[in-house]
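Descriptive structure summary
Each chain, letter by letter, is given below.
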Amino acid sequence: MVGSCDARIRLTSTADNAYQRRMMPPESELMLILAPDRYVLRACRRLGVPHVVVYGARHRDLAFQEIPAPAIPVFCEDHHKPEAVLTALHRAGFGDRQFTAVQTTIEPLLITASILGRALGARVLSPTTAVLFRDKFLQKQRIADAGLATARSVLIDDIFALEPDFVMPFERGVLKPVTGLATQTTSVVDGLDDLLATARRHRQQRISSRTFVLEEFITGDEWTADGVVSDGELLFYGLGRYEQPCLATLQDNAPLSMRKFDPHSESWAYAAADDMVRAALDALGLTDGVFHMELFHDPQSGRVVFSECAARRGGALTEEEILAKFGVDLGEAAVQCALGWKPELDVRIRPGTVGSVYFTSRPGTLAACPSPAELTDLPDVSFARIELPIGYRMAGAAASTTTRIGMAMINAADPQSLERRRAEVLRWFDERLVVIPAATTGAELRDWHRGVSGTDEFADVLYGE
């Protein structure tokens, strides 16, 4: 593993620091990137933008996302802390260098990037705006103050200290960490008793999050809008939907599925969402960058309600879906906006429907699964990524919308064809997935192997027989 990691990420030892000082880019432009993003790094290479990438222990241990030259990697023990990032940069010889911009795709690093940008004199999202894009309570307050439809919400300073006389202003709510993401530690609560029971459970489990927001439960389809803003102008956005809301997907332990709306055949969706997308961005003050917005749409009334918005590209295969459907590279746009360049977008709408699906994990150890090449050999599968290595010990129920073995993108003529093809690809993958169960006894493992192999080749044997 260490050797593999060394090949993928230039580890910062004394020798590596000397290499970095020899290879330092010219003074004119230098971008600081917090946490590697494969599409941001590709954009820097294509645009000729010199860049330093600060990465943490998780990226080094997983060794999945590469940091290829000419990127200059700098290891940081905890790249969530400005102190740790600044000291790591000084150790790597960048203490006196001027950075043009600080960029990150990772939402928990947004405020860190903002603080570092101010300290380094670089272009970056302002701390006030960064806070609005991280704190879900403050974000909804700003949206509500702008007169836009959104869920009512109440702040709970410390979920461990929730009092029995707490006033719940609505019958049903969604409880989530105030700076959470990916639907992690998020639950539906039906009334005060359920809320208090959830609070007691969180306290007993000693979860790391303490400040929560309780939001009014909103029904409807969950939509997404991913786009680009430059100098206050909304240049582009692509609208999409989750096939079922993220929270319901986690509760059902179902594969997360999504697709993009076609601006021609589904123009009604863009007409319904357009005013909300534009007004919400204005209210939150995003003037430069890419964004991922989530909305709720009531199919009966046509009403669109703001859910939340992030000042970064959407997760899963959002980059790939937007590029396939609209010809827009959000990674490239993120780099250009960070540097203050106006992206020149050549939007080309691909006919048909583009969507994606997760390959969900199951309890046990991953022993074998189809490769990305095998998946893309299937009809209509245009892209696939397997993220877990063979031998990885998988949990059971998904803890967040980032829990998966991998993902695949599928192109189809229409939404109905996409849904059928997605189900077929999931079945095909599952038939070839081999997981050693999380058994507690040797007997259970032996029984499992007999069933998988159809033989008893590792049964007890006697000498002389």
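Quick note: structure is the one above.
For the structure given in this document, a descriptive report is provided here. Being a predicted model, the structure only gives us computed values, none of them experimental.

Counting its secondary structure elements, the protein contains 16 helices and 19 strands. Against the compact-globule benchmark of 23 Å for 465 residues, the protein has a radius of gyration of 24 Å, which places it among compact chains. In terms of its C-alpha atoms, the protein occupies a principal-axis envelope of roughly 80 × 60 × 55 Å. Going through the 465 residues of the protein one by one, you find that 49% of them count as buried. Long-range pairs, those at least 24 residues apart, make up 66% of the contacts in the protein with a sequence separation of at least 6. Of the roughly 21500 Å² of accessible surface on the protein, 50% is carried by carbon and sulfur atoms. Side chains of the protein give 49 positive and 62 negative charges; the mean places of these two sets differ by 3 Å.

What follows concerns the sheet that holds strand β4 (residues 101-104). The 4 strands are arranged β3-β2-β1-β4 in an open sheet whose pairing can be described as parallel. Of all the strands in the sheet, just β3 (72-75) and β4 have a single pairing partner and so form its edges. The average undirected angle you get between the axes of adjacent strands in this sheet is 25°. Here helix α6 (residues 110-120) sits on the sheet and contacts β1 (31-34) and β4; the angle it forms with β4, its principal contact strand, is near 170°.

Before going further, it helps to examine the packing of aromatic side chains. Enumeration according to the criterion identifies 8 aromatic pairs in this entry. On the basis of an interplanar angle of 65° and a centroid distance of 5.8 Å, the ring pair of tryptophan 223 and tryptophan 268 is categorised as edge-to-face. One end of the pair, tryptophan 223, is in strand β9 (residues 221-230); the other, tryptophan 268, is in helix α11 (residues 267-284), and 45 residues separate them in sequence. For tryptophan 223, a relative accessible area of 0% translates into the label buried. On the numbers, 5.9 Å between centres and 65° between planes, the contact of phenylalanine 261 with tryptophan 268 is edge-to-face. A relative accessible area of 46% places tryptophan 268 in the partly exposed class. Chaining the aromatic ring pairs together yields one cluster made of Trp223, Phe261 and Trp268. Between the NZ or CZ atom of arginine 60 and the centre of the ring of phenylalanine 75, over which it lies, the distance is 4.1 Å. Sitting over the ring of phenylalanine 217, arginine 172 keeps its end group 4.4 Å from the ring centre.

With respect to the helices and strands, the residue valine 354 is situated in strand β14 (residues 353-359). According to the relative accessible area criterion, valine 354 is buried, its value standing at 1%. With 34 residues separating them in the primary sequence, valine 354 and glutamate 320 have C-alpha atoms 9.6 Å apart. With near-sequence residues (within four places) excluded, valine 354 lies in contact with Arg259, Lys260, Glu321, Ala324, Lys325, Met409, Ile410, Asn411 and Leu418.

Rules and cut-offs
- Residues numbered from 1 in each chain as written.
- Predicted model: local features only at pLDDT ≥ 70, side-chain atom pairs only at ≥ 80, totals over all residues.
- Heavy atoms only, no water.
- Helix = DSSP H or I, 4+ residues; strand = E, 2+ residues; numbered from the N terminus.
- Rg over C-alpha atoms; globule rule 2.2 N^0.38 Å.
- Buried < 20%, exposed > 50% of the residue type's maximum accessible area, 1.4 Å probe, protein only.
- Contact = heavy atoms within 4.5 Å.
- Areas by Shrake-Rupley, 256 points an atom, 1.4 Å probe, with all protein chains shown as cover.
- Lys, Arg positive; Asp, Glu negative; His and termini not counted.
- Charge placed at Lys NZ, Arg CZ, Asp CG, Glu CD.
- Pairing = 2+ DSSP bridges.
- Axes fitted to C-alpha atoms, helices over the stretch in contact; angles between N-to-C directions.
- Phe/Tyr/Trp six-rings, centres within 6.5 Å; stacked < 30°, edge-to-face > 60°.
- Lys NZ or Arg CZ within 6 Å of the ring centre and 35° of its normal.

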